[in-house]
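A look at the structure
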Amino acid sequence: MAQDQMKKTRRVQDELGDVYAMPIRMYGVVEESIVDGPGLRFSVFVQGCSHHCSGCHNQESQPHQGGYLSTVGELCERIAGSTSISGVTLTGGEPFEQPEACLAIARWCKARGLSVWVYSGYLYEDILAGNVSDRTLSSVAACGGIDCERRDFQPAQKEDGVSACEADSVHHAARSLLDVCDVLVDGPFVLAKKSYSLRWKGSSNQRVIELGETKRRGRITLWQDETMDFSIPENW
């Protein structure tokens, strides 16, 4: 049993390379979710969100220094152990405020044939324009009382805030995450527009965007559920 786990770990390490030890601050996971996109999905809830939407159903995930510190490798190993899932959903929290780690996870998942959905309080257009928070790997790894000594990935701390180079890296990772993911559910949750009849979103202002078609057509294209229509034809 232990040998099998070691083999799985080494395989994931080989597949991820240097990003295996990249830190990611987590709120938690749901290993088999049916509410975060179609099919059975592994949902990754990152910690930290700048939107602070009124009525948020995951308010505990909002503080950037809450949750716990994990690594890309640890998460991918857990995903690899979920053999019945058809996809992975990145949510939170705000995935686009930890875009480097989320991008690494998304790329690994796509290489394994899994679909990847991502939820964000940012609009698609704002992510493309780089209008996202300048969260860096250094700020994610600033644990504040959580033991980080065992982590191999230790980015240098900076006292003068986020440099222009770091900000460019964050924005590039955010745009690259859009390129890798299949679907983006965008926009803040608006309590006044909440409805339980909505599919895969909490409020009517949010959009379920098919990212591949949006990029190909050059305009927002909404995702269409691939369900079969079993209605009886009128001429029967």
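Preceding this paragraph is the structure being described.
Notes on the structure follow. Remember, predicted model here, so these are calculated numbers, not experimental data. Residue indices follow the written sequence of each chain, beginning from 1 at its first position. Totals for whole chains, interfaces and linings use all residues, but because this is a predicted model, local features are given only for residues with pLDDT of at least 70 and pairs of side-chain atoms are given and counted only at 80 or more. The side-chain figures draw on all heavy atoms in the structure; neither hydrogens nor water molecules are used.

Along the protein chain, the regular secondary structure elements total seven helices and seven strands. The way it works is that DSSP assigns letters per residue, a run of H or I at least four long becomes a helix, a run of E at least two long becomes a strand, and they are numbered from the N terminus. Each helix (α) and strand (β) of the protein chain, taken in turn from the N terminus, gives the series α-β-β-β-α-β-α-β-α-α-α-β-β-α. Working definition: with a 1.4 Å probe on protein chains only, accessible area under 20% of the residue-type maximum means buried, over 50% means exposed, and in between means partly exposed. The buried share of the protein chain, taken over its 236 residues, is 47%. Residue contacts follow a heavy-atom distance rule, with two residues in contact if any of their heavy atoms lie within 4.5 Å. For the protein chain, contacts bridging at least 24 residues in sequence account for 71% of all contacts bridging at least 6. Surface summary for the protein chain: the accessible area is close to 12,700 Å², and the carbon and sulfur share equals 51%. In short, Shrake-Rupley with a 1.4 Å probe defines the accessible areas, and a residue's cover is counted only from the protein chains shown.

Here the focus is the packing of aromatic side chains. Each Phe, Tyr or Trp ring, with Trp reduced to its six-membered ring, pairs with another whose centre is within 6.5 Å; inter-plane angles below 30 degrees give stacked pairs, above 60 give edge-to-face pairs, and intermediate values give tilted ones. Under the definition given, this model contains two aromatic pairs. Ring centres of tryptophan 117 and tryptophan 200 lie 6.2 Å apart, and the angle between their planes is 80 degrees; on these two criteria the pair is classed as edge-to-face. Linking tryptophan 117 in strand E5 (residues 115-119) with tryptophan 200 in the loop between strand E6 (183-186) and strand E7 (207-210), this pair joins segments that are 83 residues apart in sequence. Both rings, one in tryptophan 117 and one in tryptophan 223, keep their centres 5.0 Å apart while their planes meet at 75 degrees; by these two values the pair is edge-to-face. Of this pair, tryptophan 117 sits in strand E5 while tryptophan 223 is found in the segment after helix H7 (211-217), placing the two residues 106 residues apart along the sequence.

Note on pairing: two strands pair once DSSP finds at least 2 bridges between them. One open sheet holds the seven strands; their spatial order is E3-E1-E2-E4-E5-E6-E7, and the pairing between them is mixed. Of all the strands in the sheet, just strand E3 (68-71) and E7 have a single pairing partner and so form its edges. Strand-to-strand, the axes of this sheet are offset by a mean angle of 30 degrees, without reference to chain direction. By the bridge criterion, four bridges tie E6 to E7 in an arrangement that is antiparallel. The residue bridging valine 185 from the neighbouring strand is valine 208, located in E7. Every angle, taken between N-to-C directions, lies between 0 and 180 degrees, and every axis is a line fitted to C-alpha atoms, over only the stretch in contact when it is a helix.

Below, the discussion takes up unusual backbone geometry. Of note, the bond from glycine 92 into glycine 93 is cis; its omega dihedral lies within 30 degrees of zero at 15 degrees. Note that glycine 93 resides in the loop between strand E4 (87-91) and helix H3 (99-111). Backbone geometry at histidine 52 places phi at a positive 50 degrees, although glycine is not the residue there. Structurally, histidine 52 is set in the loop between strand E2 (41-46) and E3.

Right, let's talk about the packing of helix H1 (residues 2-16) against helix H2 (residues 72-80) for a bit. Two numbers describe how H1 lies on H2: the axes approach to 10 Å, and their chain directions differ by 120 degrees. It follows that H1 is oblique to H2 by the angle criterion. Relative to H2, H1 is oriented so that their crossing is right-handed. Facing Gln5, Thr9, Val12 and Leu16 of H1, the residues of H2 in contact are Val72, Gly73, Cys76, Glu77 and Ala80. Among the residues forming the contact of H1 with H2, the class breakdown is five nonpolar, three polar and one charged. With respect to orientation, any angle under 35 degrees is reported as roughly parallel, any angle over 145 as roughly antiparallel, any angle of 65 to 115 as roughly perpendicular, and every other angle as oblique. It is the rotation of the near helix from the far one that decides the hand of a crossing: anticlockwise by less than a right angle makes it left-handed, clockwise makes it right-handed. For this classification, Asp, Glu, Lys and Arg are treated as charged, while Ala, Val, Leu, Ile, Met, Phe, Trp, Tyr, Cys and Pro are nonpolar and the rest, including Gly, are polar.

All right, on to the side chain of threonine 221 then. Mapped onto the elements, threonine 221 comes out in the segment after H7. Assessed through its relative accessible area of 9%, threonine 221 is described here as buried. Those residues in contact with threonine 221 that sit more than four places away from it in its chain are Val208, Ile209, Glu210, Glu213 and Thr214.

Quick look at the pattern of salt bridges now. When the charged atoms of two side chains lie near each other, side chains of opposite charge can form a pair. Any carboxyl oxygen of Asp or Glu within 4 Å of a side-chain nitrogen of Lys or Arg constitutes a salt bridge here. Under the criterion given, the structure shown has nine salt bridges. Its salt-bridge partner being arginine 217, residue glutamate 213 comes within 3.0 Å of it at the nearest N-O pair. Here glutamate 213 pairs with arginine 217, and both are found in helix H7, just four residues apart, close to one helical turn. Where salt bridges share partners, they join Glu125, Asp186 and Arg207 into one cluster.

Another point: the pairing of E2. One face of the sheet, then the other: side chains in a regular strand alternate in exactly this way. Counting buried residues along E2, six of its six residues qualify, which places the element largely inside the surrounding structure. Both strand E1 (residues 23-33) and E2 contribute to a ladder of five bridges, which runs antiparallel. The residue of E2 that forms the bridge with methionine 26 is valine 46.

Turning our eyes to something else, we now look at the state of the cysteines. Defined by distance alone, a disulfide is two cysteine sulfur atoms within 2.5 Å. Summed over all chains, the structure comprises zero disulfides. Cysteine 76 takes part in no disulfide bond, and the closest cysteine sulfur, belonging to cysteine 109, lies 5.7 Å away. For cysteine 76, a relative accessible area of 0% gives the class buried. Cysteine cysteine 181 is unpaired, with the sulfur of cysteine 102 as its nearest cysteine sulfur at 8.3 Å.

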